[in-house]
Amino acid sequence: MPGTYVLVVALDEPATIEVGALGDREFDAGTYAYVGSAFGPGGFSRVERHRELAAGERDASHWHIDYLLGHPEASLAEAVTFPDADLECHLAGALPGEQVSGVGASDCDCDAHLLAAPDHGALLSSARAERDSRN
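Residues numbered from 1 in each chain as written. Predicted model: local features only at pLDDT ≥ 70, side-chain atom pairs only at ≥ 80, totals over all residues. Heavy atoms only, no water.

> Hey, could you run me through the environment of F39 in this one?
Inspection of the secondary structure assignment puts F39 in the loop between β4 (30-38) and α1 (45-54). Sequence separation between F39 and G3 is 36 residues, and the spatial gap between their C-alpha atoms is 5.9 Å. The contact partners of F39, leaving out residues within four places of it in the chain, are P2, G3, T4, A85 and D86. (Helix = DSSP H or I, 4+ residues; strand = E, 2+ residues; numbered from the N terminus. Contact = heavy atoms within 4.5 Å.)

> Help me understand unusual backbone geometry in this model?
Both trends apply: most residues other than glycine have a negative phi, and most peptide bonds are in trans. Phi is positive for D84, which is not a glycine, with a value near 60 degrees. Note on placement: D84 falls in the loop between β5 (74-83) and α3 (88-94).

> Would you mind showing me how to read the pairing of β4 here?
Consecutive side chains of a regular strand alternate in pointing toward one face of the sheet and then the other. Of all 9 residues in β4, 8 are buried; the element is thus mostly enclosed. In this structure, β4 lies alongside strand β7 (residues 114-117), joined through 4 bridges in antiparallel fashion. Residue pairing for β7: T31 is matched across the bridge by A117. (Buried < 20%, exposed > 50% of the residue type's maximum accessible area, 1.4 Å probe, protein only. Pairing = 2+ DSSP bridges.)

> Mind showing me how you'd approach the side chain of H113 here?
When you line up the elements, H113 lands in the loop between β6 (98-99) and β7. Excluding residues within four positions of it along the chain, H113 makes contact with A33, Y34, V35, E88, C89, A92, V103, G104, A105 and C108.

Next comes the structure, spelled out in structure tokens:
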């Protein structure tokens, strides 16, 4: 099934992470939200691929978020899916948090699709409210 998804990522310790061609980026410890789309082959199987990478079961990095998920201090806390909805850019601007400039938005005009979220609970509530408002 295709759609949009929000990955809630926990980073336990501050880290400097090389994010592909973007180079080294400083990440504070805390909660991050990555907004992605899954409209290609396999749909939401992309979310499972992200889970496997975060669990150390994969090591190939294809997207910016993979560099963060592949870091030993990072974990994928939750994924919120939006079936059949093309909301990637909308959610990147609507969810609470500060955009991490340039990360995750190489194929659109947004500044970023990765947000440093102020609070794990507020982020989840906001993402779920966005999803529920579409049902």
